[in-house]
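Topology and contacts: notes
Here are the chains, one letter per residue:
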Amino acid sequence: ADYIALLEKRLGVRFHAARLASEAARLQAMASGDIDLVAAVTADSPVAREARLIRPHINMPGVIVAKSEYRNLRALQGRRVALTDGALRINADIALDDIELVPVQDVATALELISEGRVDALVTDMATASYYIHREGMTDIRIVGKTGTTLSLAVGVRRDQPQLLTIMQKALDSITGDGRQRISRQWIHLKESSLLSSRSFWIAMLAVAVVILLVLVSILVWNRTLKQQVAQRTQSLN
């Protein structure tokens, strides 16, 4: 919506929003010519078959949302993972049998299930994860890893409107990197991972503590041995 508003200013036009209830409704409206463009569509979407896509203007990495550390998809083997409609697909190199997929109605529901411990993680894109974690005020849930996949969204234009396709491409190309960053920052609220909640941090601290303890023990043993040697030498001299 922010991109569309910016394009309206750049082009000096007003887009009329058609709020359609489902993907099937969008597909039918595009095929029948009832709508001229779709603001955000993926290349593998059914709507893309009825439209020409310009270069993607939104590219979001797939992420893992959880309370515990899961750096990548392989770390989720044997876990219960929530997926919403339209979520990123699990990578093909990981068998679905190794991950128990739990369909959920929406991201808010998935976050609630993670908080209650009923599922281990949620797989989605970074923008969606960041927005809902911030909106729901989840302090114990964060983005913990990446899936290795990317969600790319592009504007889809009716196939019989090549001029509109060219206009939209030029208008989007005119949006600078700073302009895209400003839009991104409004929706992506990355919560820094707490150092104290990092497993690696505590392993490192334990290793440091063991080393310090060994050094202290060595000093104490050396001091005691030195005292015994001094006492023996003193006795010999006496």
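For the structure given in this document, a descriptive report is provided here. These numbers were taken from a predicted model, which means no experiment stands behind them.

It is worth spelling out the overall build of the protein at this point. Along the backbone of the protein there are 7 helices and 7 strands. Taken from the N to the C terminus, the helices and strands of the protein come in the order α-α-β-β-β-β-β-α-β-α-β-α-α-α. A burial count over the protein gives 33% of its 238 residues as buried. Partitioning the contacts of the protein with sequence separation of at least 6, the portion at a separation of at least 24 is 70%. When the accessible area of the protein is evaluated, it comes to approximately 15400 Å², of which 54% is carbon and sulfur surface.

Turning to the pattern of salt bridges, a few remarks are in order. Counted under the stated rule, the structure contains 11 salt bridges. Across the pair Glu-8 and Arg-14 runs a salt bridge whose closest N-O atoms are separated by 3.8 Å. Several salt bridges converge on common partners, so that one network encompasses Asp-36, Arg-158 and Asp-160.

As a further point, take the pairing of strand 4 (residues 80-83). Sheet topology note: the strand 4/strand 5 (residues 100-103) ladder contains 4 bridges and is parallel. Bridge pairing in strand 5 links Val-81 to Leu-101. Direction of pairing for strand 4 relative to strand 6 (residues 121-125): parallel, over a ladder of 2 bridges. Within strand 6, the residue paired with Ala-82 across the bridge is Leu-122.

Moving on: the layout of surface pockets. What the second largest pocket holds in volume is close to 160 Å³. Along the walls of the second largest pocket sit Asp-2, Ala-5, Leu-6, Lys-9, Arg-10, Gly-179, Arg-182, Ile-183 and Gln-186, which together make up its complete lining. When contributions to the lining of the second largest pocket are tallied by element, the ones reaching two or more residues are helix 1 (2-11) and helix 6 (177-187). Here the residues of the lining of the second largest pocket are counted per class, giving 3 nonpolar, 2 polar and 4 charged.

In this structure, Val-65, Leu-111, Leu-122 and Ile-141 are the most contacted members of the largest nonpolar core, which totals 22 residues. Every element with two or more residues in this core is listed here: strand 3 (58-66), helix 3 (107-116), helix 4 (126-136) and strand 7 (142-158). Counting residues per element, this core draws most heavily on helix 3, at 5 residues. Counting 14 residues, the second largest nonpolar core, distinct from the first, contains Tyr-3, Leu-165, Leu-172 and Ile-183.

This paragraph deals with helix 5 (residues 162-173). Spanning 12 residues, helix 5 covers 17 Å between terminal C-alpha atoms, matching the ideal 16 Å at 1.5 Å per step. For helix 5, the complete set of buried residues consists of Leu-164, Leu-165, Met-168, Gln-169, Ala-171 and Leu-172. For helix 5, the buried positions fall inside an angular range of 165 degrees around the axis, keeping them on one side. Facing away from the buried side of helix 5 by more than 90 degrees, the exposed set consists of Gln-163 and Lys-170. Residues of helix 5 that are buried make contact with helix 1, strand 1 (37-41), strand 2 (51-53), strand 7 and helix 6.

Okay, the environment of Ile-141 next. Along the chain, the position of Ile-141 falls in the loop between helix 4 and strand 7. In this structure the C-alpha to C-alpha distance between Ile-141 and Ala-121, which are 20 residues apart in sequence, comes to 9.5 Å.

Cut-offs applied
- Residues numbered from 1 in each chain as written.
- Predicted model: local features only at pLDDT ≥ 70, side-chain atom pairs only at ≥ 80, totals over all residues.
- Heavy atoms only, no water.
- Helix = DSSP H or I, 4+ residues; strand = E, 2+ residues; numbered from the N terminus.
- Buried < 20%, exposed > 50% of the residue type's maximum accessible area, 1.4 Å probe, protein only.
- Contact = heavy atoms within 4.5 Å.
- Areas by Shrake-Rupley, 256 points an atom, 1.4 Å probe, with all protein chains shown as cover.
- Salt bridge = Lys/Arg side-chain N within 4 Å of Asp/Glu carboxyl O.
- Pairing = 2+ DSSP bridges.
- 1 Å grid on protein atoms, 1.4 Å probe; cavity = no way out; pocket = protein on both sides within 12 Å on 5 of 7 lines; lining within 4 Å.
- Points joined across faces, edges and corners; volume = space filled by probe spheres on them.
- Nonpolar A, V, L, I, M, F, W, Y, C, P; charged D, E, K, R; others polar.
- Core = buried A, V, L, I, M, F, W, Y, C linked by side-chain atoms within 4.5 Å.
- Expected span 1.5 Å × (residues − 1).
- Arc of directions from axis to C-beta.

What is shown is where atoms sit, not what they do.
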